[in-house]
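Observations on the three-dimensional arrangement
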Amino acid sequence: MSKETLKNKKQRVKKVVHLLKRYHPQADCALYHKNPVQLLVATVLSAQCTDKRVNQVTKTLFKKYPTAKTFASANLRELEKEIHSTGFFRSKAQNIKAACQKIQKDFKGKVPNRLEDLLTLPGVGRKTAHVVLGTAFQISSGVVVDTHVRRLSNRLNFTNSNDPKKIEEDLNYLLPKKEWIYFSHALILHGREVCKARAPRCNTCFLEEFCPKKGVKRK
């Protein structure tokens, strides 16, 4: 395949976004939450865990711990038991408690709405910060890069990297800022339903015309 020009790649991104909006118009964050701190906690729990499992856990978890204050004062062992099935429960519980303590101490009990501040919270990386800013505050701080976005952005040849930060930089450059939030949600949804890791459904994919299928094994 000949090297694609930046101009052509941007045109292809535009067409992909158009089709995503046509077929996934309601794409949104799949994590259950009622406020920013619950979204932050759910996103921390989603690391190496499915959103479906996280939502099963948080359905009862958020009844017991609805606010940053309640998480900050939680008994660590009890919290570990509550989130055990999400995996890595010890580090997740420790980070959630510590992050909420910092929110109480430094941000008056409110989840901050600046990227720089969110990244000071224990257990919060760029992915979690972008999810919280985009979904809870409607602030476009960067494209969320999870496993689905990483896989699809490579297959679509929008990036040549497997490093989340570099992928984010590539996508931020190609996409208009106003599309950053939606694009993440739509690509995640498309990755779950169509462009799966082991068996991508290329023959029924509405993006096939604009997808180089980079790395996909041809049958």
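Going by the structure above, here's the rest.
A brief report on the enclosed structure follows. Position numbers for residues count from 1 along each chain, tracking the sequence in the order it is written. Two thresholds apply to this predicted model, a pLDDT of at least 70 for residue-level local features and 80 or more for giving and counting side-chain atom pairs, whereas whole-chain, interface and lining totals are computed over all residues. Side-chain figures throughout are based on the complete set of non-hydrogen atoms in the structure, without hydrogens or water.

Points about the side chain of Asp117
Within the fold, Asp117 resides in helix 7 (residues 115-118). Counting of polar contacts relies on pairs of N or O atoms within 3.5 Å, with two restrictions inside protein: one atom must be capable of donating a hydrogen and the other of accepting it, and residues adjacent in sequence are counted only when both atoms are side-chain atoms. Side chain to side chain, Asp117 and Arg114 meet in a polar contact 3.0 Å long. What makes two residues a contact is simply this: any of their non-hydrogen atoms within 4.5 Å. In this view, Asp117 contacts Phe107 and Pro112; residues no more than four positions away in its chain are not counted. Think of it this way: any DSSP run of H or I at least four residues long counts as a helix, any run of E at least two long counts as a strand, and we number them from the N terminus.

Remarks on the packing of aromatic side chains
The aromatic pairing rule takes the rings of Phe, Tyr and Trp, using the six-membered ring of Trp, and pairs them if the centres are within 6.5 Å, calling planes under 30 degrees apart stacked, those over 60 edge-to-face and the rest tilted. One pass over the full model with this rule turns up four aromatic pairs. Taking 4.2 Å as the distance between ring centres and 10° as the angle between the ring planes, the aromatic pair formed by Tyr23 and Phe206 counts as stacked. Of the two residues, Tyr23 sits in helix 1 (residues 6-23) while Phe206 sits in the segment after helix 11 (180-193), which places them 183 residues apart along the sequence. Each residue is assigned to one of three classes by its accessible area relative to the maximum for its type, calculated with a 1.4 Å probe on protein chains only: buried under 20%, partly exposed between the two thresholds, exposed over 50%. Tyr23 gets classed as partly exposed once you look at its relative accessible area, which sits at 43%. On the basis of relative accessible area, Phe206 is assigned to the buried category, the value being 18%. Taken together, the ring pairs in this structure connect Tyr32, Phe62, Tyr65 and Phe71 into an aromatic cluster. In our convention, an over-ring charge means Lys NZ or Arg CZ found within 6 Å of a ring centre and within 35 degrees of that ring's normal. The ring of Tyr182 has Lys21 sitting right over it, with the charged end atom 5.7 Å from the ring centre.

What about the layout of surface pockets?
Within this scheme a cavity is a closed region of a 1 Å grid, computed over the protein atoms alone, that accommodates a 1.4 Å probe without allowing it to escape, whereas a pocket is open but has protein on both sides within 12 Å along at least five of seven lines; lining residues each have an atom within 4 Å of a point. Grid points are joined across faces, edges and corners, and a volume is the space filled by probe spheres set on the points. Its volume calculated, the largest pocket comes out at about 870 Å³. Taken together, 37 residues line the largest pocket, and the ones lying closest to its centre are Ser46, Lys127, Val145, Asp146 and Thr147. Contributions of two or more residues to the lining of the largest pocket are made by helix 2 (36-45), helix 6 (89-106), helix 8 (126-136), helix 9 (147-155), helix 10 (164-174) and helix 11.

Quick word on the nonpolar core
Core analysis: the biggest nonpolar cluster contains 37 residues, and Leu40, Leu61, Phe71, Leu79, Ile83, Leu118 and Leu121 have the highest contact counts within it. Broken down by secondary-structure element, the contributors of at least two residues to this core are helix 2, helix 3 (51-64), helix 4 (68-72), helix 5 (76-83), helix 6, helix 7 and helix 8. In terms of residues, this core owes the most to one element, helix 2, which gives seven residues. Beyond its immediate stretch of four places on either side in the chain, Leu61 contacts Val41, Leu45, Phe71, Leu79, Glu82 and Ile83. Definition of nonpolar core: a set of buried residues of the types Ala, Val, Leu, Ile, Met, Phe, Trp, Tyr and Cys, connected through side-chain atoms within 4.5 Å. Counting residues in hydrophobic clusters, the runner-up holds 29 residues, among them Val143, Leu174, Leu207 and Phe210.

Topic: unusual backbone geometry
The residue Phe88 is not glycine, and still its phi comes out positive at about 50°. For Phe88, a relative accessible area of 56% puts it in the exposed group. With phi around 60°, Asn157 is a residue other than glycine that occupies positive phi space. Here Asn157 lies in the loop between helix 9 and helix 10.

Quick word on helix 10
Inspection of helix 10 places Ile167, Glu168, Asp170, Leu171, Asn172 and Leu174 among the buried residues, and these make up the whole buried set. As for helix 10, its buried residues are in contact with helix 1, helix 8, helix 9 and helix 11.

Brief notes about helix 11
Helix span, expected: 1.5 Å multiplied by one less than the number of residues in the helix. An ideal rise of 1.5 Å per residue puts 20 Å on 14 residues; helix 11 measures up with 20 Å between its terminal C-alpha atoms. The element helix 11 is extensively covered by neighbouring structure, given that ten of its 14 residues are classed as buried. Within the sequence span of helix 11, burial applies to Trp180, Tyr182, Phe183, Ser184, His185, Ala186, Leu187, Ile188, His190 and Gly191. Contacts made by the buried residues of helix 11 are with helix 1, helix 8, helix 9 and helix 10.

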